[in-house]
Amino acid sequence: MKPDVTQTSGPSGWEAFYRIVRRIPRGKVVTYAQVALLAGRPRAARHVGFALAALRGSGTRVPWQRVLGKRSAVTAGISILDPMGAAAQRDLLEREGVRVDERGRVSLVDHGWRPRRR
DNA sequence: GACATGACGTAAT
DNA sequence: TATTACGCCATGT
């Protein structure tokens, strides 16, 4: 089940994920694996989506829209929970300067955010 | 403590 | 490039 974000205020590892996502600058995107890696859990890519999914309903201000899958991109699991949300997310990314493919795929090489480098 | 679930990743085909 | 199979980590029951 989806755990409550409101209770994740504790020392849970989920808070680390939110912290990483907040660092994502406008016009840049990252993959779940990237966030997980920065959070210190390179094998916990699944949990990143978990945490972000809960945020969607909590109204927390986290740019979850900038977090994509490696190959699935935007139309990944969001469409499962919110088909319209996926389309809206694609529009939002385009507004930030991110070019989204017709299939919902984004060039991570071009828009991939590179932390720990500046 | 063990089993089941999940916005995923990587390797193999 | 798409599809299938397996694995990893955290949370819930």
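Let me sum up the structure you'll find in this document. (Residues numbered from 1 in each chain as written. Chains lettered and ligands numbered in written order. Predicted model: local features only at pLDDT ≥ 70, side-chain atom pairs only at ≥ 80, totals over all residues. Heavy atoms only, no water.)

With that settled, consider the overall build of chain A. Along the backbone of chain A there are six helices and two strands. The helix and strand sequence of chain A, counted from the amino end, reads α-β-α-α-β-α-α-α. Counting over 118 residues, chain A shows a buried share of 37%. Within chain A, contacts between residues at least 6 apart in sequence are counted, and of these 61% link residues at least 24 apart. (Helix = DSSP H or I, 4+ residues; strand = E, 2+ residues; numbered from the N terminus. Buried < 20%, exposed > 50% of the residue type's maximum accessible area, 1.4 Å probe, protein only. Contact = heavy atoms within 4.5 Å.)

Once that is clear, we can look at the protein's contact with DNA strand B. Lining the immediate surroundings of DNA strand B are 15 residues, of which H47, G49, F50, A53 and K70 lie closest. The share of sugar and phosphate among atoms of DNA strand B within 4 Å of the protein is 47%. A distance of 2.7 Å is found between a base nitrogen of DNA strand B and a side-chain nitrogen or oxygen belonging to H47. A distance of 2.7 Å is found between a base nitrogen of DNA strand B and a backbone nitrogen or oxygen belonging to A53. (Near = heavy atom within 4 Å. Polar contact = N/O pair within 3.5 Å; in protein donor to acceptor, adjacent residues only side chain to side chain.)

Judged by nonpolar contacts, the single largest core of 19 residues is most densely connected at F17, V21, V35, V48, L52 and V67. When residues of this core are traced back to their parent elements, those giving at least two are α1 (14-22), α2 (32-39) and α3 (45-58). Tallying contributions element by element places α1 first for this core, with five residues. The contact partners of L52, leaving out residues within four places of it in the chain, are Y18, V21, Y32, V62, W64 and V67. Counting seven residues, the second largest nonpolar core, distinct from the first, contains V74, L93, V100 and V106. (Core = buried A, V, L, I, M, F, W, Y, C linked by side-chain atoms within 4.5 Å.)

Here we come to the side chain of Q65. Relative to the elements of secondary structure, Q65 occurs in the loop between α3 and β2 (67-68). Relative accessible area serves as the criterion here: at 16%, Q65 is assigned to the buried category. In this structure, Q65 is in contact with Q89, L92, L93 and E96, ignoring residues within four places of it in sequence.

Bringing the pattern of salt bridges into the picture now. By the definition in use, this model includes three salt bridges. With a shortest N-O distance of 2.9 Å, R66 and E96 are connected by a salt bridge. In this pair, R66 is assigned in the loop between α3 and β2 and E96 in the loop between α5 (83-95) and α6 (108-111), connecting sequence segments 30 residues apart. Neither residue differs from the other here; R66 and E96 are each classed as buried. (Salt bridge = Lys/Arg side-chain N within 4 Å of Asp/Glu carboxyl O.)

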